[in-house]
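Observations on chain architecture
Listed below are the residues making up each chain.
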Amino acid sequence: MDFEPSAEQQMLIDQVRRFVREEIIPLEAKLDPDASELDPADFKRLTEKTKAMGLFGIDIPKEFGGPDIDIVTRTLLAIEMAQHRAGLYVPCYGTFGGAGLAQIFEANEDQKERYLYPTLRGEKKAFFGLTEPSGGSDPARAIQTKAERKDNGWVLNGVKQFITSGKHADVAIVFAITDPAAGKRGISAFLVPTSTPGYIVARLEDKLGQHSSDTAQIVFEDCRIPADCLLGEEGAGYKMALSGLEGGRIGIASQSGAYGTHVFTLARNRNIGASLCVMTGNEADVLLVLTYEGLSDDQSGVVPDSDLSPWIEAHSQPMVIGLRQEYVAQGGGLGITPAGDDQGEQ
């Protein structure tokens, strides 16, 4: 793949880069380091600005009102959007909108009216409920949450672990076993309003980092939902879950590359070790190359590579952790204080 941006792509990159440096970073300097949201007035102002730029909801498919930007350009812009303190977890604090979750596009028209369109407009938040205490993103082995038919609906029982936005979301996409004898074909997906009795936020995880992103354990305790909460066909949940993971893995890799570039900038501006500058510069480049390699051409255009994307995600995150640890080790006091994360010199 050609890594050189086209003239149009470079124009969009420059536009987003200016937005981050002129709008996000100055506001972030006044925010609590653990903040995951902007002041509502600032959020509204910047959201209107991204709409005027024609970049609001860049991940939304064209048929649902998105700006029709290809995945390579979206990846390039995602790298720029993550070039700030909380960028690895909440790029630009959501001011560029979101695509909802890919699985909601599988919804029927009634479900789209209730959940998809409000999510695309930023009126509702949704989360992807796959991971459980028994394992991560391997649905066929890890899922133990069960959904049993009862009366005219379903009753959910189980636990979901490390759920991003589990406390603040309005609706959950929950993957559960509906036919234990059918293996991966016995997994189904459900749209579960978080206001449903039996939906319990058991705890928020007290993490070493990523404080700007809430991570919850969710318990479903005799959580009764109507039959029309089934998303797609019964037994189609496994395929649906995997299809959503591929694009997300590329997003994680692009944000990891951006974070590596950010650490490089901090190390350079703060004179924290020439060796660290070399290491972060090299590894940031590797992360970005991995991101581009995770996109492959097919007949319909460029798409996430289903074989490479899991490997890329698995390698990008340890690299980011290593960069941050080295920054702390070489930075001494600057590595563990807010002054060491000052972005005013960028």
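About the criteria used
- Residues numbered from 1 in each chain as written.
- Predicted model: local features only at pLDDT ≥ 70, side-chain atom pairs only at ≥ 80, totals over all residues.
- Heavy atoms only, no water.
- Pairing = 2+ DSSP bridges.
- Helix = DSSP H or I, 4+ residues; strand = E, 2+ residues; numbered from the N terminus.
- Buried < 20%, exposed > 50% of the residue type's maximum accessible area, 1.4 Å probe, protein only.
- Polar contact = N/O pair within 3.5 Å; in protein donor to acceptor, adjacent residues only side chain to side chain.
- Contact = heavy atoms within 4.5 Å.
- Phe/Tyr/Trp six-rings, centres within 6.5 Å; stacked < 30°, edge-to-face > 60°.
- pLDDT = per-residue confidence, 0-100.
- Expected span 1.5 Å × (residues − 1).
- Bend = angle between axes of the 7 residues up to and from the residue.
- Core = buried A, V, L, I, M, F, W, Y, C linked by side-chain atoms within 4.5 Å.
- Axes fitted to C-alpha atoms, helices over the stretch in contact; angles between N-to-C directions.
- Parallel < 35°, antiparallel > 145°, perpendicular 65-115°, else oblique.
- Nonpolar A, V, L, I, M, F, W, Y, C, P; charged D, E, K, R; others polar.
- Left-handed = near helix turned anticlockwise from the far one by under 90°.

Description of the pairing of strand β2 (residues 146-150)
Bridge count for β2 against strand β3 (residues 153-164) is five bridges, and the pairing is antiparallel. If you follow arginine 149 over to β3, its bridge partner there is tryptophan 154. Linking β2 to β3, which pair antiparallel, is a turn of two residues; within it aspartate 151 sits at a positive phi near 55 degrees.

Examining the side chain of glutamate 23
Within the secondary structure layout, glutamate 23 lies in helix α1 (residues 7-28). Relative accessible area serves as the criterion here: at 12%, glutamate 23 is assigned to the buried category. Among the polar contacts listed, one links the side chain of glutamate 23 to the side chain of lysine 49, at a separation of 2.6 Å. Not counting residues within four places of it along the chain, the set of residues in contact with glutamate 23 comprises Arg18, Arg45, Leu46 and Lys49.

What about the packing of aromatic side chains?
One pass over the full model with this rule turns up seven aromatic pairs. Note on phenylalanine 64 and tyrosine 117: the rings are 6.3 Å apart at their centroids and 45 degrees apart in plane angle, and the pair reads as tilted. You can see phenylalanine 64 sitting in the loop between α2 (40-52) and α3 (71-81) and its partner tyrosine 117 sitting in helix α4 (residues 109-120), a full 53 residues away along the chain. Among the residues examined, tyrosine 117 registers a relative accessible area of 21% and is labelled partly exposed. The interplanar angle of 75 degrees and the centroid separation of 5.6 Å between the aromatic rings of tyrosine 199 and phenylalanine 220 together place this pair among those described as edge-to-face. Residue tyrosine 199 is located in strand β6 (residues 199-204), and its partner phenylalanine 220 is located in strand β7 (residues 215-226); the two are separated by 21 residues in the primary sequence. Here tyrosine 199 matches phenylalanine 220 in class, with each residue buried. Taken together, the aromatic side chains of Phe64, Phe105 and Tyr117 make up a single cluster linked through ring pairs.

As for the confidence of the model for the protein
Predicted coordinates in regions of low pLDDT should not be interpreted in detail. For the protein, mean pLDDT is 78; residues scoring 70 or higher make up 64% of the total. Contacts of residues 296-305 to residues separated by more than four positions or lying in other chains number 23 contacts, the stretch itself having pLDDT below 50.

So, the side chain of glutamate 80
Its place among the elements puts glutamate 80 in helix α3. Ignoring any residue separated from it by four or fewer positions in sequence, one finds glutamate 80 in contact with Ile13, Val16, Arg17 and Val20.

Considering α1
Its 22 residues place the ends of α1 30 Å apart at the C-alpha level, agreeing with the 32 Å of an ideal helix rising 1.5 Å per residue. Along α1, the sharpest kink reaches roughly 30 degrees, centred on valine 20. Along α1, the residues classified as buried are Gln9, Leu12, Ile13, Val16, Phe19, Val20, Glu23, Ile24, Ile25, Leu27 and Glu28.

A closer look at the environment of threonine 73
Here threonine 73 lies in helix α3. It is 9.4 Å that separates the C-alpha atoms of threonine 73 and glutamate 8, two residues lying 65 residues apart in sequence. Dropping the residues within four chain positions of it, threonine 73 is found in contact with Gln9 and Leu12.

Observations concerning the nonpolar core
Counting 24 residues, the largest nonpolar core has Val16, Phe19, Leu55, Leu77, Met81, Cys92 and Phe96 as its most contacted members. Looking at this core, the elements with two or more residues in it are α1 and α3. Sorting elements by how many residues they give to this core places α1 first, with eight residues. Setting aside chain neighbours within four positions, we find phenylalanine 19 in contact with Ile24, Leu46, Lys49, Thr50, Met53, Cys92, Thr95 and Phe96. Ranked by size, the runner-up nonpolar core spans 20 residues in total, among them Tyr115, Ala126, Phe175 and Ala189.

Examining the packing of α1 against α2
For the pair α1 and α2, the least separation of the axes is 12 Å and the interaxial angle reads 170 degrees. Taken together, the axis directions place α1 and α2 in an arrangement best described as roughly antiparallel. Contact residues: Phe19, Glu23, Ile24 and Leu27 in α1; Asp42, Arg45, Leu46, Lys49 and Thr50 in α2. Residues of the contact of α1 with α2, tallied by class, amount to four nonpolar, one polar and four charged.

Points about the environment of cysteine 92
Considering the arrangement of structural elements, one finds cysteine 92 in the loop between α3 and α4. When the C-alpha positions of cysteine 92 and glutamate 23 are compared, they lie 9.2 Å apart, and in sequence the two are 69 residues distant. Setting aside residues no more than four positions away along its own chain, cysteine 92 makes contact with Phe19, Val20, Ile24, Met81 and His84.

Some thoughts on the packing of α1 against α3
Orientation of α1 relative to α3, taken along the N-to-C sense of each, is 25 degrees, at an axis distance of 9 Å. Looking at the two axes, α1 sits roughly parallel to α3. The chirality of how α1 crosses α3 is right-handed. In contact with Gln9, Leu12, Ile13, Val16, Arg17 and Val20 of α1, α3 contributes Val72, Thr73, Leu76, Leu77, Glu80 and Met81. Classifying every residue of the contact of α1 with α3 gives eight nonpolar, two polar and two charged.

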